Amino acid sequence: MNLGLQDKVAMVAASSKGLGKAAAVGLAREGAKVSICARDADQLNATAEEIREAAGSGVLAVPADVLAVPADVTQREEIDQWVERTVAELGPPLIAVTNAGGPPPGNFFDLNEEDWQAAFDLTLMSATHLAYQTVPHMREAGWGRLITITSISVKMPLGNLLLSNSVRMSVIGLTKSLSNEFAGEGLTVNSVLPGWTRTERVQQLLQDRAERDGISVDEAAAGITHNIPAGRMADPQEFGDVVTFLASERASFINGVSLQVDGGYYKAVY
Ligand code: NAD
């Protein structure tokens with residue numbers, strides 16, 4: 001299947017590691033020109049090099065055009081600069097993937113109102129601002145894909161993750177609203193919901209749990225995977241490839257969905 005992504009400009013936020021990086025790899029392998037951002041310039045540049053190499057194993061078998069721009073997604077002017085450089089160096093972005101680090105864990109009385117404000121800025125406003133900066137380019141082209149990375153927690157609130165459970169729901173409200181507003185102009189807007197995915201962050205979390213509970217990392221993982229019908233966590237690329245498909249020409253009639261990539265972890269029908 002030709003995904004029709006060749007030479008399309010794709011911006012993937014918070015993409016030096018983990019799910020964002022996997023989305024960028026998937027897009028680059030299909031020939032998209034990829035613009036990535038994260039706060040740490042050294043890590044980001046190393047990731048850009050990895051993506052160029054990974055793209056060489058994709059459909060085009062040539063190193064991809066990858067632009068790396070250090071930016072903190074909570075800082076509007078840094079997002080603006082990232083978009084400006086992308087337009088100048090790669091062309092207008094027709095694909096945007098919103099993403100950020102997760103808000104801190106905690107239950108209700110562990111958190112104060114500053115924590116809520118910070119989670120709102122990190123999770124909702126970073127996605128909203130990237131949409132403000134990229135959707136006009138998509139409308140002008142009459143084609144676009146806006147994809148928000150959220151979490152399975154928008155369907156099934158998770159223990160001790162009150163901020164994630166609450167604020168990510170508002171990203172779904174944004175996603176669904178924009179999918180209605182711009183569908184007639186050739187844009188699709190969807191959310192992809194990761195379940196447990198073995199990124200470096202999750203690997204670290206497993207190591208912490210193993211040390212805390214005096215068990216092995218495999219035992220710590222088994223405490224999670226016994227609830228996943230697939231019997232394992234996802235590899236990040238299994239997530240990145242779903243983002244890539246939703247960004248493609250072939251996904252033109254998928255609009256407004258919240259698609260979990262969780263190996264069946266979410267048990268309900270709707
Ligand atoms: P990760 O920590 O491996 O990667 C996060 C990336 O975001 C890194 O590149 C980091 O540098 C970048 N980043 C963080 N804050 C940033 C900021 N303010 N500005 C710019 N870049 C920033 O995390 P991950 O596992 O890839 O998760 C990505 C998102 O998905 C997080 O919000 C996480 O909570 C959520 N999530 C992850 C899982 C999972 O199992 N991995 C499951 C559900 C939800």
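Just so it is clear, the model here is predicted, and its values are computed rather than measured.

1. Let's talk about the pattern of salt bridges
And then number 1: With the rule as written, the count across this model stands at seven salt bridges.
And then number 2: With a shortest N-O distance of 2.9 Å, Glu89 and Arg85 are connected by a salt bridge. A residue pair is termed a helical-turn pair when its members lie 3 or 4 positions apart in one helix, as Glu89 and Arg85 do in helix 3 (residues 76-89) at four residues.

2. Remarks on the side chain of Thr197
And then number 1: Residue position: Thr197 is located in the loop between strand 6 (187-194) and helix 6 (200-213).
And then number 2: Judged by its relative accessible area of 3%, Thr197 is buried.
And then number 3: When sequence neighbours within four positions are dropped, the list of residues in contact with Thr197 reads Leu19, Val202, Met233, Ala234, Asp235 and Pro236.

3. Re the site of the ligand
And then number 1: Around the ligand sit 25 residues in total, of which Ser16, Leu19, Ala100, Arg168 and Thr199 are the nearest.
And then number 2: Measuring from an oxygen atom of the ligand, one finds a side-chain N or O atom of Arg168 at 2.8 Å.
And then number 3: At a separation of 2.8 Å, an oxygen atom of the ligand approaches a polar backbone atom of Thr197.
And then number 4: For the ligand, whose free accessible area comes to 830 Å², the fraction covered by protein is 89%.
And then number 5: Those elements that provide at least two residues to the shell around the ligand are helix 1 (18-29) and helix 6.
And then number 6: In the shell around the ligand, the residues fall into ten nonpolar, ten polar and five charged.

4. Some thoughts on unusual backbone geometry
Peptide bonds are mostly trans, and most non-glycine residues show a negative phi.
And then number 1: Positive phi, normally seen in glycine, also occurs at Ala14, with a value near 50 degrees.
And then number 2: Of note, Ala14 is situated in the loop between strand 1 (9-12) and helix 1.
And then number 3: The phi dihedral of Asn160 falls on the positive side, at around 65 degrees, and the residue is not glycine.
And then number 4: Counting through the fold element by element, Asn160 comes out in the loop between strand 5 (144-149) and helix 5 (162-182).

So, how was this worked out
- Residues numbered from 1 in each chain as written.
- Predicted model: local features only at pLDDT ≥ 70, side-chain atom pairs only at ≥ 80, totals over all residues.
- Heavy atoms only, no water.
- Salt bridge = Lys/Arg side-chain N within 4 Å of Asp/Glu carboxyl O.
- Helix = DSSP H or I, 4+ residues; strand = E, 2+ residues; numbered from the N terminus.
- Buried < 20%, exposed > 50% of the residue type's maximum accessible area, 1.4 Å probe, protein only.
- Contact = heavy atoms within 4.5 Å.
- Near = heavy atom within 4 Å.
- Polar contact = N/O pair within 3.5 Å; in protein donor to acceptor, adjacent residues only side chain to side chain.
- Areas by Shrake-Rupley, 256 points an atom, 1.4 Å probe, with all protein chains shown as cover.
- Nonpolar A, V, L, I, M, F, W, Y, C, P; charged D, E, K, R; others polar.

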